[in-house]
Amino acid sequence: MNPRNADSARTPAWDPKTLLVAGGRPAHGYDAPVNHPVTFTSTYHSKGQAAPGERVYARFSNPTWDPFEQVLGELEAATLPALVFSSGMAAIAAALSIVPEAGVLVMPRHSYNGSLALSSELQEAGRLSIRPVDIANTEEVLAALDGADVLWVESPTNPMLEVADLPALLAAAKAKNTVSIVDNTFATPLLQQPLNHGADLVVHSVTKYLSGHSDVIMGALVTSDEQLHSRLHGYRTLHGAIAGPMDTFLALRGVRTMSVRIDRSQSNSQVLAERLADHPKVQAVRYPGLPSDPGHERAAKLMGGFGSVIALEAGSTAQEADRVLDALKLITGATSLGGVESLAERRARHASEPASVPASLIRLSVGIEDVEDLWADLDQALEQL
Ligand SMILES: *Cc1c(COP(=O)(O)O)cnc(C)c1O
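Residues numbered from 1 in each chain as written. Predicted model: local features only at pLDDT ≥ 70, side-chain atom pairs only at ≥ 80, totals over all residues. Heavy atoms only, no water.

A. How the structure looks around the sheet that holds strand β7 (residues 219-222). The strand order β1-β7-β6-β5-β4-β2-β3 describes an open sheet built from seven strands, whose pairing is mixed. For this open sheet the edge positions go to β1 (83-85) and β3 (128-133), each flanked by a neighbour on one side alone. Averaged over all neighbouring strand pairs, the angle between strand axes comes to 20°, with direction disregarded. The pairing of strand β6 (residues 201-205) with β7 spans four bridges and is antiparallel. Within β7, the position partnered with V203 by the bridge is L221. In this fold helix α2 (residues 65-75) packs onto β1, β6 and β7, with an angle of close to 115° to the strand it touches most, β1. Against the sheet, helix α8 (residues 226-239) touches β1, β6 and β7, its axis set at about 25° to β1. (Pairing = 2+ DSSP bridges. Helix = DSSP H or I, 4+ residues; strand = E, 2+ residues; numbered from the N terminus. Axes fitted to C-alpha atoms, helices over the stretch in contact; angles between N-to-C directions. Contact = heavy atoms within 4.5 Å.)

B. Quick peek at unusual backbone geometry. Following S155, the chain continues to P156 via a peptide bond in cis, the omega torsion being -10°. Structurally, P156 can be placed in the loop between β4 (150-154) and α6 (166-175). In this structure, the amide linkage connecting N158 to the following residue, P159, adopts the cis form with an omega of 5°. Take P159: it is sitting in the loop between β4 and α6. Its identity is not glycine, yet A102 carries a phi of approximately 60°, on the positive side.

C. The side chain of T178, seen in detail. With respect to the secondary-structure elements, T178 resides in the loop between α6 and β5 (179-183). Within polar-contact distance, the side chain of T178 engages the backbone oxygen of A148 at 3.2 Å. In this structure, T178 is in contact with L145, A148, D149, V150, L151, A173 and D200, ignoring residues within four places of it in sequence. (Polar contact = N/O pair within 3.5 Å; in protein donor to acceptor, adjacent residues only side chain to side chain.)

D. Broad picture of the site of the ligand. Close contacts around the ligand come from 15 residues, with M89, D183, S205, T207 and K208 the closest. Contact between the ligand and D183: a nitrogen atom at 2.7 Å from a side-chain N or O atom of the residue. S205 places a polar side-chain atom, nitrogen or oxygen, 2.9 Å from an oxygen atom of the ligand. In isolation the ligand offers 380 Å² of accessible surface; the protein chains occlude 92% of this area. Cavity membership is defined here by more than half of the atoms lying within 2 Å of grid points; on that basis the ligand lies in the largest pocket. A per-class count over the shell around the ligand returns six nonpolar, six polar and three charged. (Near = heavy atom within 4 Å. Areas by Shrake-Rupley, 256 points an atom, 1.4 Å probe, with all protein chains shown as cover. 1 Å grid on protein atoms, 1.4 Å probe; cavity = no way out; pocket = protein on both sides within 12 Å on 5 of 7 lines; lining within 4 Å. Sits in = over half its atoms within 2 Å of the grid points. Nonpolar A, V, L, I, M, F, W, Y, C, P; charged D, E, K, R; others polar.)

E. Examining the layout of surface pockets more closely. Taken as a whole, the largest pocket holds about 400 Å³ of empty space. As for the largest pocket, its lining consists of 24 residues, and the residues nearest its centre are Y112, S205, T207, K208 and S336. Tallying contributions element by element places helix α3 (residues 88-96) first for the lining of the largest pocket, with three residues. In terms of residue class, the lining of the largest pocket is made up of seven nonpolar, 11 polar and six charged. (Points joined across faces, edges and corners; volume = space filled by probe spheres on them.)

F. Spatial organisation of α8. Between its terminal C-alpha atoms α8 stretches 20 Å, which fits the 20 Å expected from 14 residues at 1.5 Å a residue. Those residues of α8 hidden inside the fold are in contact with α2, β1, α3, β6 and β7. You can read the cap of α8 off the contacts: a side-chain oxygen lies 2.9 Å from the backbone nitrogen of Q227, and it is on D225. Following α8 by one or two positions, G240 adopts a phi angle in the positive range, close to 80°. (Expected span 1.5 Å × (residues − 1).)

G. A look at the packing of aromatic side chains. Following the criterion strictly, the structure yields one aromatic pair and no others. With centroids separated by 5.7 Å and ring planes inclined at 75°, the aromatic side chains of Y57 and F60 adopt a geometry described as edge-to-face. (Phe/Tyr/Trp six-rings, centres within 6.5 Å; stacked < 30°, edge-to-face > 60°.)

H. Structural detail: the domain arrangement of the protein. According to the domain assignment, the protein contains domain 1 (13-255) and domain 2 (258-382). With centres defined by C-alpha atoms, the gap from domain 1 to domain 2 works out at 26 Å. On the side of domain 2, 37 residues touch domain 1, which itself brings 35 residues to the contact. Regarding the contact of domain 1 and domain 2, the summed buried area is about 3,000 Å², with carbon and sulfur atoms giving 62% of it. Taken as a group, L161, L191 and Y209 account for 24% of the area that domain 1 buries against domain 2, more than any other trio of residues on that side. For the interface between domain 1 and domain 2, the tally reads zero salt bridges. The interface formed by domain 1 and domain 2 includes 15 residue pairs in polar contact (both at pLDDT 80 or more). Listed by contribution, the elements that provide at least two residues to the side of domain 1 that touches domain 2 are α1 (16-22), α4 (113-124), α6, α7 (188-191) and α9 (245-255). Element by element, the count of residues in the side of domain 1 that touches domain 2 is highest for α7, at three residues. Looking at side-chain class alone, the side of domain 1 that touches domain 2 contains 19 nonpolar, 11 polar and five charged residues. (Domains from an automatic or database assignment. Buried area = accessible area lost by both parts, 1.4 Å probe. Salt bridge = Lys/Arg side-chain N within 4 Å of Asp/Glu carboxyl O.)

Below is the structure:
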């Protein structure tokens with residue numbers, strides 16, 4: 001049902017930076033296009049009345065998904081292609097469907113607020129029960145795993161940027177037969193590959209770094225477990241939250257430049273975080289790249305970089321932080337992250353955000369603009385205080 005591309009048997013394996021650019025291309029050949037065409041169709045010709053073809057109907061499969069699913073699967077070091085969904089939340093809903101009836105779900109207190117809202121809704125309906133944990137506190141998470149069915153990990157967390165000891169948590173989950181799911185949206189497979197540490201399933205909001213241009217809403221799941229893959233493929237087919245072919249094309253086009261985008265946004269983030277930490281109007285900065293950050297040592301050891309999101313407290317009240325945000329001229333005041341353009345928002349303006357997220361906390365998604373232009377914009381906005 002999900003034909004794999006012929007070139008996935010390459011030896012030696014490409015570096016991820018090469019895979020981003022060269023994976024999922026049509027075979028080389030005279031007059032062959034360098035990109036796969038976008039297939040707009042709802043159905044496929046049958047072999048004859050006696051038997052449908054392989055693809056049958058476009059809710060089951062679409063050739064435009066294949067190269068993206070192949071590339072993301074390989075990036076996450078999976079033995080199977082990824083599964084694309086219509087949004088990160090659609091992928092998360094499918095992932096949560098594997099929690100058994102009345103099962104116990106261990107989940108970071110500061111997970112993405114959509115994951116928290118959906119799991120809380122399922123808890124209220126009696127479908128599962130949640131054990132909230134501080135994901136950076138390994139002892140606390142290990143203790144919560146007793147009798148748990150599923151461990152949900154997000155690292156670094158959105159928006160508090162807590163860093164989990166991924167190998168320790170995933171090994172403990174495996175030892176206790178707890179299924180582990182990692183939302184790898186913030187790190188991307190370029191900075192960490194949870195399946196290599198024993199995760200059963202990886203979740204992505206493709207909307208963010210993978211597509212990278214704030215023009216697509218899409219999600220994906222990745223696993224090397226055949227049974228789980230087939231179950232989630234079935235879930236996608238029946239629940240119907242499939243990715244559009246045009247969105248998938250844009251996401252693959254975005255993936256091509258992900259390593260250079262992340263190189264730039266990370267180096268910008270390091271410079272901005274250091275300057276913000278020294279700024280008299282800034283109360284607190286969280287960025288794993290700062291040696292003073294509680295997640296620094298762990299991130300330096302476990303991750304291929306510190307990411308491109310900074311959390312800062314500008315002033316100490318919501319009003320003060322809003323004054324700073326409203327004074328930004330280059331950086332866009334908007335939700336979301338992971339695009340080429342820098343975005344900032346005060347997270348606690350969303351009622352769904354956990355109460356422990358400070359009222360004045362601004363999540364800054366650092367883009368690939370010139371770092372001095374970004375700094376000049378932040379510096380003049382902080383003058384509002
Ligand atoms: C944005 C986000 C999601 C949700 O993805 P959508 O594509 O917006 O549905 C899930 N997890 C994390 C960490 C996110 O940042």
